[in-house]
Amino acid sequence: MTIISKYLEQLQIEQIAVELISKAVSLILLFLFFLIVKRVADFIFKHAVEKSITLSRQTEARQKTISKLLHNIMNYTIYFFLLYWVLSILGVPVSSLLAGAGLAGVAIGLGAQGFLTDVVNGFFILLENQFEVGDSVVIGTVEGNISSVGIRTTQIRGFDGTLHFIPNRNITVVSNKSRGDMRVQIDIPIYAHTDLEKVSNIIKAINKEQLLSYPEIVASPSILGPRTNSTAQLVFRVELFVQNGKQSYIYSNFYRLYQEALLENDIALPTMYANPTLTK
């Protein structure tokens, strides 16, 4: 018991308790200060920065992109200082860690290198206007609409609802489907003995009758005639150029119109196949 008593006396429990309470109070005050700063920063950003961006001569999508990027930069800066102050209050030698060598220094250096690469790529993406919030894109194996462009990552909402986070340094090739008009390729399966001239006349009649009802179509349809598709099936091909984002809508409607008209005119059709080819 004597040894334990001496050990407890050496621990200076009262002093440790005072330090713990002091640090706890400091952390509470820091977090309160942080919440106030965050609210003030968000208020200033919303009523000053966002309004300034809105008044600029940029498209609405680009305004959203710039606004989200600047807001992310502001948040990263605030959280960085919060983390720095928390570590300082806890007595962690932050400066020594950042300046230290060895394995930890190498790890931090590698992490910082990746972060800086993300930031640089993010600014080049914004500067070159590669894509904007709302654009339909393909990046690597990911396809969907741009949800957010951040200082470190780009978020893509897939067509099935999945939200993909892509580090900006991994974005090498971007296929943007929201720049310019898009091609809708309609392949109607036919038999080898089908009367091609009759099919062509029926499709021309449908185009003439329906074209004015679909302002999304920006050019006269091209009747390319008989082709073989990737499965070697004989098809009758028609191409239409439409406003981006309207490909599936136009494809579905005109495929149905063509099919119904051909069947009504006693044109026998094989079993329908596969999906449309929608390209730029």
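Preceding this section is the structure that the text describes.
In this report, the structure presented in the accompanying data block is examined.

Quick notes on the rules
Residues numbered from 1 in each chain as written. Predicted model: local features only at pLDDT ≥ 70, side-chain atom pairs only at ≥ 80, totals over all residues. Heavy atoms only, no water. Pairing = 2+ DSSP bridges. Helix = DSSP H or I, 4+ residues; strand = E, 2+ residues; numbered from the N terminus. Axes fitted to C-alpha atoms, helices over the stretch in contact; angles between N-to-C directions. Patch = residues over 30% accessible without salt bridge, like charges linked within 9 Å, V, L, I, M, F, W, Y side chains within 5 Å. Areas by Shrake-Rupley, 256 points an atom, 1.4 Å probe, with all protein chains shown as cover. Salt bridge = Lys/Arg side-chain N within 4 Å of Asp/Glu carboxyl O. Core = buried A, V, L, I, M, F, W, Y, C linked by side-chain atoms within 4.5 Å. Buried < 20%, exposed > 50% of the residue type's maximum accessible area, 1.4 Å probe, protein only. Contact = heavy atoms within 4.5 Å. Parallel < 35°, antiparallel > 145°, perpendicular 65-115°, else oblique. Left-handed = near helix turned anticlockwise from the far one by under 90°. Nonpolar A, V, L, I, M, F, W, Y, C, P; charged D, E, K, R; others polar.

Things to note about the sheet that holds strand β2 (residues 142–149)
Thinking step 1. Here we have five strands laid out as an open sheet, ordered β4-β3-β2-β1-β5, and antiparallel in their pairing. Both outer strands of the open sheet, β4 (163–167) and β5 (174–176), are each paired with one neighbouring strand and no more. Between one strand axis and the next, the sheet turns by 40° as a mean value, whatever way the strands run.
Thinking step 2. Sheet topology places strand β1 (residues 136–139) next to β5; three bridges connect them, and they run antiparallel. By the bridge assignment for β5, I139 is matched with V174.

Here's the deal with the pairing of β2
Thinking step 1. Across four bridges, the pairing between β1 and β2 is antiparallel. When the sheet's bridge partners are listed, V137 is paired in β2 with G144.
Thinking step 2. Once β1 ends, the chain turns through two residues before running back antiparallel as β2, passing G140 with a positive phi of about 65°.
Thinking step 3. Sheet topology note: the β2/strand β3 (residues 153–158) ladder contains five bridges and is antiparallel. The residue bridging I146 from the neighbouring strand is I156, located in β3.

Description of a nonpolar patch on the surface
Thinking step 1. A surface patch of nonpolar side chains, amounting to about 570 Å² of accessible area, comprises I21, V25, I28, L29, L32 and L35.
Thinking step 2. Checked against the element boundaries, I28 lands in helix α2 (residues 13–55).

Some remarks on the nonpolar core
Thinking step 1. Core analysis: the biggest nonpolar cluster contains 24 residues, and I186, L240, F254 and Y258 have the highest contact counts within it.
Thinking step 2. Every element with two or more residues in this core is listed here: β6 (182–189), α6 (196–210), β8 (234–242) and α7 (247–264).
Thinking step 3. Of all the elements, α7 adds the most residues to this core, at eight residues.
Thinking step 4. In contact with Y258, not counting residues within four places along its chain, are I186, I188, I203, I206, N207, V238 and L240.
Thinking step 5. With ten residues, the next largest nonpolar core counts I125, F131, I139 and I166 among its residues.

Notes on the packing of α6 against α7
Thinking step 1. For the pair α6 and α7, the least separation of the axes is 10 Å and the interaxial angle reads 130°. Taken together, α6 and α7 sit at an angle that is classed as oblique. Two packed elements cross with a definite hand, and for α6 against α7 that hand is right-handed. Residue-level contacts link V199, I202, I203, I206, N207 and Q210 of α6 to F254, L257, Y258, A261 and L262 of α7.
Thinking step 2. Grouping the amino acids of the contact of α6 with α7 by side-chain chemistry returns nine nonpolar, two polar and no charged.

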